[in-house]
Amino acid sequence: MNRALVIAEHFQGKLNPSTAKCVSCAQGISDAAIDIVVLAADAAPVAAEAAALAGVQRVRTLQRPENAEALAAVWAPQIAALATGYTHLFGPSTTFGKDLMPRIAALLGVGQISDVMAVESALRLRRPVYASNAIITVEAPAGSIVVATVRVASFQPAAAGGNATIEAVASDAPAVTAKLPTTTRFVSRSAANADRPDLQTANRVVSGGRALASAENFKLLFQLADALGAAVGASRAAVDAGYAANELQVGQTGKIIAPELYMALGISGAIQHLTGIKDARTIVAVNKDSEAPIFEVADIGLVGDLFQVVPELERLIRAGG
Amino acid sequence: MSPILVGIKRVVDYSVRVRVKPDGSGIVTDGVKMSINPFDEIALEEALRIRERGLATEVIAISIGPPEAQQQLRTALAMGADRALLVQVDAPVEPLTAARVFLALAQKHQPQLVILGKQAIDDDNGQTGQMLAALWDRPQATFASKLVLDGALARVTREVDVGLETIEVDLPAVITTDLRLNEPRYIKLPDIMKAKKKPLDVTSLADLGVAAPAHAIRTLKFEPPAQRSRGVMVKDAAELVAALKQRGVL
């Protein structure tokens, strides 16, 4: 029988939607019993959210003051100690999971599978390589634990309505008694766009490229995003030029997203950018250059001047779009 | 003071449009331009800047790859690395094996920092730095966009999903680089000449006492991704809104 443990990602007392997507991925393994583990200084609110995900059997909490921040060096040894008896460990392919999961795998002496996009069987998984220009099927060795990150854009979140039991990991378990390293210390965090919809999980994303030509002009995008209730993204060129913050970058080396609606405004569509949006349901492209590669993947294209189209779009949408 | 180790991976150049071989055994690499993984160039640049500030004894560039990876190591030497080491392998190794190689070299050279790219743009794994840190039992600072050395510790700003996070790590530590840590320097012609005289040693997994794992993750096949097809073109904002409504998106 397969037993999967999903590592909960959470921030400021709230479960990140990436966790529900990891549960979906784990459900792709037939007959898998799914647990979630919550590491936190105060695990209760997150554990309650996790227990409501359909298909989860048990939520295990590992509450220690040292777990207040998700430091991989601190969390990995605890999770590795909990891994005994599981056939699969899943974490999201967000910066949280990408930082943590390889460290856990190495402690367990096994390889890790990054960015799982589909599950074929308990050991056979599919993942993208070369900026999603190729998809590979990999097979993990039988008899050892499978550690993987889940490409959140590839899975729907597990439904609500579950009623898992919540239990604290026993106080004498190695995961709880282990002495944790103090050589890594959290200092500070700045989240410039914390009051806006989260780029990685938003249903709608409005994204701008170099054609916006300034940080000032990027505000046009934010206004359109407000009208749509959308998150804002950016191409690497726009971020490099200083028009948008780093965390807004969409693409191979930024965020991979799969919103219902993606509007690429003034983005030419480099391969590395297209990698990040291929799974969007509807892609809209507005660009002055009718030859821009973005039009090859767009469901709806408009050749035109951004500075006319974007304010007009905003007006139409506010007027009852 | 101690050295800095930097990883240099030979990868298909970022500008190449990668194609899957018809038989699904891999991707087409014949006649394809190969380069240093862009994140590794950033790693090397950061190491060079630290050495130039007098805070490291030397920068050692390390590659794990085929004999041809010597080209990328020569480029690293031309950029300013003091010496280079190729761990020659017949087939690509998985990140855990790469981490074991770097562990063996870290134990040998006792560096204050090992700086690696956050991911290689070929397999897009993004694992080696974190795995090395685990095996070495040292701190890791992944996705670094700023690195400040302060005596026996480093303050590192990391690019995380919500924004920027700063952590403090005791040295030695493993750093993985994000895009905006620095802008790598251009190589000048005299540097290429000088690089020819710098030491480039070749070793093997066996020499380093690293065994490839008996139970590795196997790649069964390569497939091209599903293609999106070209959609409709509209004339203006009003038509665009109408088309969105028709698709049920608005």
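Engineer: How do you make sense of the overall build of chain A when you look at a structure like this?
Structural biologist: When helices and strands are tallied, chain A shows nine helices and 18 strands. For chain A, whose C-alpha radius of gyration is 21 Å, the value lies close to the compact-globule estimate of 20 Å for 321 residues. Once the C-alpha set of chain A is aligned to its principal axes, its extents read approximately 65 × 40 × 40 Å. Once local pairs closer than 6 in sequence are excluded, the contacts in chain A between residues at least 24 apart make up 66%.

Engineer: Got a minute to help me understand the interface of chain B and chain A in this structure?
Structural biologist: Accessible area lost upon the coming together of the parts is a frequently used measure of interface size. Taken together, the contacts link 66 residues of chain B with 69 residues of chain A. Elements supplying a minimum of two residues to the side of chain B that touches chain A: helix H3 (95-109), helix H4 (128-136), strand E7 (140-150), strand E8 (153-160), strand E9 (163-170), strand E12 (218-223), strand E13 (232-234) and helix H6 (237-246) of chain B. Of the residues forming the side of chain B that touches chain A, the biggest block, eight residues, is contributed by E9 of chain B. Looking at the side of chain B that touches chain A residue by residue, the class counts come to 36 nonpolar, twelve polar and 18 charged. Pairing of strand E18 (residues 300-303) of chain A with E13 of chain B involves three bridges; the strand directions are parallel. What sits directly across from Leu302 of chain A, in E13 of chain B, is Val234 of chain B.

Engineer: Explanation requested: the environment of Ala264 of chain A in the structure shown.
Structural biologist: Residues and elements named next belong to chain A. Positionally, Ala264 belongs in strand E16 (residues 261-265). Between the C-alpha atom of Ala264 and that of Gly242, which follows or precedes it by 22 residues, the distance is 18 Å. Excluding its chain neighbours within four sequence positions, the residues that come into contact with Ala264 are Ser207, Gly269, Ile283, Val284, Ala285 and Ile294.

Engineer: What is the right way to look at the packing of helix H3 (residues 72-82) of chain A against helix H4 (residues 95-108) of chain A in this model?
Structural biologist: A packed helix pair is summarised by two numbers, namely the angle formed by the two axes and the spacing between the axes. All names here are of chain A. Between H3 and H4, the shortest axis-to-axis distance is 9 Å and the interhelical angle comes to 45°. In terms of orientation, H3 lies oblique with respect to H4. In this structure, H3 meets H4 at a crossing whose hand is right-handed. For the pair formed by H3 and H4, the contact residues are Ala72, Trp75, Ala76, Pro77, Ile79 and Ala80 on the first element and Asp99, Leu100, Arg103, Ile104, Leu107 and Leu108 on the second.

Engineer: Any chance you could explain the sheet that holds strand E11 (residues 146-150) of chain A here in plain terms?
Structural biologist: Hydrogen bonds along the backbone pair up the strands of a sheet, which may run parallel or antiparallel. Residues and elements named next belong to chain A. Ordered in space as E7-E11-E6-E1-E4-E5-E12, the seven strands form an open sheet in which the pairing is parallel. Strands at the two margins of the open sheet, each flanked by one partner only, are strand E7 (112-116) and strand E12 (165-168). Averaged over all adjacent pairs, the angle separating strand axes in this sheet is 25°, with direction ignored. Strand direction decides the pairing type here: strand E4 (residues 33-40) and strand E5 (residues 56-63), joined by seven bridges, are parallel. Bridge pairing links Asp35 to Arg58 in E5.

Engineer: Is there a simple way to explain the sheet that holds strand E5 (residues 83-88) of chain B in this structure?
Structural biologist: Taken in spatial order, the ten strands make up an open sheet running E13(A)-E9(B)-E8(B)-E7(B)-E10(B)-E6(B)-E1(B)-E4(B)-E5(B)-E11(B), and their pairing is mixed. Looking along the sheet, the strands with just one partner apiece sit at the ends: strand E13 (184-190) of chain A together with strand E11 (200-204) of chain B. Mean inter-strand twist for the sheet, computed between neighbouring axes without regard to direction, equals 30°. Bridge analysis of strand E4 (residues 59-65) of chain B against E5 of chain B gives six bridges, and the strand direction is parallel. Each bridged residue has a counterpart across the sheet, and for Ile64 of chain B the counterpart in E5 of chain B is Val87 of chain B.

Engineer: What am I meant to see in the domain arrangement of chain A here?
Structural biologist: Residues and elements named next belong to chain A. When the domains of chain A are assigned, the result is domain 1 (3-177) and domain 2 (204-318). The straight-line distance from the C-alpha centre of domain 1 to that of domain 2 is 32 Å. Across the side of domain 1 that touches domain 2, the residue classes break down as two nonpolar, three polar and one charged.

Engineer: Just to check I follow, could you spell out the nonpolar core for this structure?
Structural biologist: The nonpolar side chains of a soluble globular protein tend to be buried with one another. If you look at the biggest cluster of nonpolar residues, it comprises 198 residues, and the most contacted ones within it are Val6 and Val38 of chain A together with Val6 and Ala61 of chain B. The dominant element in this core, judged by the number of residues it contributes, is H3 of chain A, at eight residues. Shared between two domains, this core holds at least three residues of each, these being domain 1 (3-177) and domain 2 (204-318) of chain A. Not counting residues within four places of it along the chain, the set of residues in contact with Ala61 of chain B comprises Val6, Ile8, Leu44, Leu73, Ala76, Leu77, Ala81 and Ala84 of chain B.

Engineer: What is the right way to look at H6 of chain B in this model?
Structural biologist: Structurally, the α-helix is built with 3.6 residues per turn, so residues lying three or four positions apart point the same way. Of the residues making up H6 of chain B, those classed as buried are Ala237, Leu240, Val241, Ala243 and Leu244 of chain B. Buried residues of H6 of chain B, seen end-on, are gathered within an arc of 160° and therefore sit on one face of the element. Summarising the geometry of H6 of chain B, the exposed residues directed more than 90 degrees from the buried face are Ala238, Lys245 and Gln246 of chain B. Looking at the buried positions of H6 of chain B, the neighbouring elements they touch are strand E17 (282-287), E18 and helix H9 (306-318) of chain A together with E13 of chain B. With its phi angle positive at about 75°, Gly248 of chain B sits one or two positions after the end of H6 of chain B.

Engineer: I tried to follow helix H1 (residues 38-52) of chain B on my own but got confused; where do I start?
Structural biologist: Residues and elements named next belong to chain B. With 15 residues, H1 ought to run about 21 Å at 1.5 Å a step, and its terminal C-alpha atoms sit 21 Å apart, in line with that. Along H1, the positions that sit buried rather than exposed are Phe39, Asp40, Glu41, Ile42, Ala43, Leu44, Glu45, Glu46, Ala47 and Leu48. Gly54, located one to two residues past H1, shows a positive phi value of around 80°.

Calculation criteria
Residues numbered from 1 in each chain as written. Chains lettered and ligands numbered in written order. Predicted model: local features only at pLDDT ≥ 70, side-chain atom pairs only at ≥ 80, totals over all residues. Helix = DSSP H or I, 4+ residues; strand = E, 2+ residues; numbered from the N terminus. Rg over C-alpha atoms; globule rule 2.2 N^0.38 Å. Contact = placed C-beta atoms within 7 Å. Nonpolar A, V, L, I, M, F, W, Y, C, P; charged D, E, K, R; others polar. Pairing = 2+ DSSP bridges. Axes fitted to C-alpha atoms, helices over the stretch in contact; angles between N-to-C directions. Parallel < 35°, antiparallel > 145°, perpendicular 65-115°, else oblique. Left-handed = near helix turned anticlockwise from the far one by under 90°. Domains from an automatic or database assignment. Core = buried A, V, L, I, M, F, W, Y, C linked by C-beta atoms within 7 Å. Buried ≥ 20, exposed ≤ 12 C-beta atoms within 10 Å, placed from the backbone. Arc of directions from axis to C-beta. Expected span 1.5 Å × (residues − 1).

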